[in-house]
Structures are given as structure tokens and as C-alpha cells.
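Coordinate inspection notes
Residues per chain are reported as follows:
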Amino acid sequence: MAIAGIQRITSQIRLNPTLSLYSRTIISRSSTTTSPSAKVSDRIVKIITYDPDGQKREIVGLSGQTLLKALTNHNLIDPASHRLEDIDACSAECEVNIAEEWLEKLPPATYDEQYVLKRNARHRILNKHSRLGCQVVLTQEMQGMVVAVPEPKPWDTP
């Protein structure tokens, strides 16, 4: 019954053209999650990460969850450094570098994501492998994706 109510609300919201990009993203994420009867083990996405010290770690996220959420759950990104998963509030603290072979498999960065990355580059050359962890939604096709978490920028550290 609750699922039917959510689906009804989602369909009404999708018809509203005045919603922000953030609202549409949240709606699409919630509507793409698997059914409640699906096993959590079927949603597991294993990701290979390299922390700022160069240590290789295998972490686990869930499909439908953002890369940022998976990284913060494993203490690779400080959860306090990124307030929201809203692109309008993003200040690129969740910037990650994704291996080239995986960049081609990801959906292209949106205009907003590219803008935030360029705005926060602070006169440095932007790495072509850079993506915002808050904008990369995990899927089963990302099993084994290689991600490097860069060192915090001097202006990001307290």
C-alpha cells in the first residue's frame, strides 16, 4: 500500500515542470531503487578505491546509492565536509578521480556538475578524470570500478 502511494505521488511530481533539478534527481533515484522484496546482496556494488595515502581498499556500496555515500560510509570522505547531495549546495569537497576505462561507462557529467568542478578548480588545471561523488549513482554495471580519493585541498581543511 505504501509503495502504491509513493508511485502515485512520484507520477504526479514528474508531471510538474517547475521542480528543481535536485528534486527530479531524488525522485529518479527513489523510483529506480529495487523492490522491497529484492535481497540487499543483489544490490551490492564492490568498488576499488585508493585513499590519499595510496592505500588500496575494496569498499561496498548499494545500487541506487551515490558514490559519496559509499565513500563516507567507509571514512574515505569526511561526512561533515559535504552537507547535502544537492548540486546547488555542492562545493566539490566530494571530488573523486575515476579510472579512464570507467569514465566511459558512466553517464556523462551534467552541465551543473561540470560547472561546479570548474568553479572550484581554483585556478588549477581540472583533471579529466574528476567527477563529483554526490552525482555518481551506483549501478550493478559499476562492479569493480576504480576510484581515487584525492588529498583535501588546502582550503577544504580546517
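With an unreviewed UniProt entry as reference, the chain is termed Ferredoxin, source organism Tagetes erecta.

Considerations on the overall build of the chain
Of regular secondary structure, the chain possesses five helices and five strands. Sequence-ordered secondary structure for the chain, helices as α and strands as β, is α-α-β-β-α-β-α-α-β-β. Looking at the chain residue by residue over its 158 residues, the buried ones come to 34%. Of the contacts made within the chain by residues no fewer than 6 positions apart, 64% connect residues no fewer than 24 positions apart. Carbon and sulfur atoms form 56% of the exposed surface of the chain, whose accessible area is close to 9700 Å².

Remarks on the sheet that holds strand β2 (residues 56-62)
The strands that make up a sheet are held in pairs by hydrogen bonds between backbone atoms, and each pair lies either parallel or antiparallel. With mixed pairing, five strands are arranged side by side in an open sheet as β2-β1-β5-β3-β4. Whereas interior strands pair on both sides, the edge strands pair on one side only; in this sheet they are β2 and β4 (130-132). Averaged over all pairs of adjacent strands, the angle between their axes in this sheet comes to 40°, without regard to strand direction. Where strand β3 (residues 95-98) meets strand β5 (residues 145-148), two bridges bridge the pair, whose relative direction is antiparallel. Paired with Ile98 across the strands is Val147, a residue of β5.

Description of unusual backbone geometry
A positive phi angle is found at Asn75, which is not glycine, with a value near 60°. Its location among the elements puts Asn75 in the loop between α3 (67-73) and β3.

Quick look at the packing of aromatic side chains
Given two aromatic rings, their pairing is described by the distance between the two centres and the angle made by the two planes. Enumeration over the complete set of coordinates arrives at zero aromatic pairs. Positioned above the aromatic ring of Trp102 is the side chain of Lys105, whose terminal nitrogen or guanidinium carbon lies 4.3 Å from the ring centre.

Notes on the pattern of salt bridges
For the structure on display, the rule yields two salt bridges. The residue Arg131 makes a salt bridge to Glu113 at a minimum N-O spacing of 2.8 Å. Linking Arg131 in strand β4 with Glu113 in helix α5 (residues 111-119), this pair joins segments that are 18 residues apart in sequence. Residue Arg131 shares its accessibility class with Glu113, and that shared class is buried.

Structural notes on the environment of Arg43
With respect to the helices and strands, Arg43 occurs in the loop between α2 (21-32) and β1 (44-50). On a C-alpha basis, the gap between Arg43 and Thr139 in space is 8.2 Å, while along the polypeptide they are 96 residues apart.

Conventions adopted
For every chain, the first residue of the written sequence is number 1, and numbering continues from 1 along that sequence. The predicted origin of the model limits local features to residues at a pLDDT of at least 70 and limits the giving and counting of side-chain atom pairs to 80 or more, whereas totals for whole chains, interfaces and linings rest on all residues. Each side-chain value is derived from all of the structure's non-hydrogen atoms; neither hydrogens nor water enter the calculation. The helix and strand labels rest on DSSP assignments: H or I over at least four residues marks a helix, E over at least two residues marks a strand, and numbering proceeds from the N terminus. Remark: exposure states derive from per-residue accessible area (1.4 Å probe, protein chains only) relative to the maximum for the residue type, with buried under 20%, exposed over 50%, and partly exposed in between. Note on definitions: a residue-residue contact is assigned when non-hydrogen atoms from the two residues lie within 4.5 Å. All accessibility values rest on the Shrake-Rupley procedure with a 1.4 Å probe; residue burial counts only the protein chains present in the view. Here a strand pair is declared whenever DSSP counts at least two bridges between the two strands. Geometry is summarised by axes, namely lines fitted to C-alpha atoms with helices restricted to the contacting stretch, and by angles between N-to-C directions that run from 0 to 180 degrees. Pairing of aromatic rings covers Phe, Tyr and Trp, the last counted by its six-membered ring, and requires centre-to-centre distances within 6.5 Å; plane angles under 30 degrees mean stacked, over 60 mean edge-to-face, and any other angle means tilted. Either the NZ atom of lysine or the CZ atom of arginine qualifies as a charge over a ring when it sits within 6 Å of the ring centre and within 35 degrees of the ring normal. Salt-bridge detection follows one rule: a side-chain nitrogen of Lys or Arg within 4 Å of a carboxyl oxygen of Asp or Glu.

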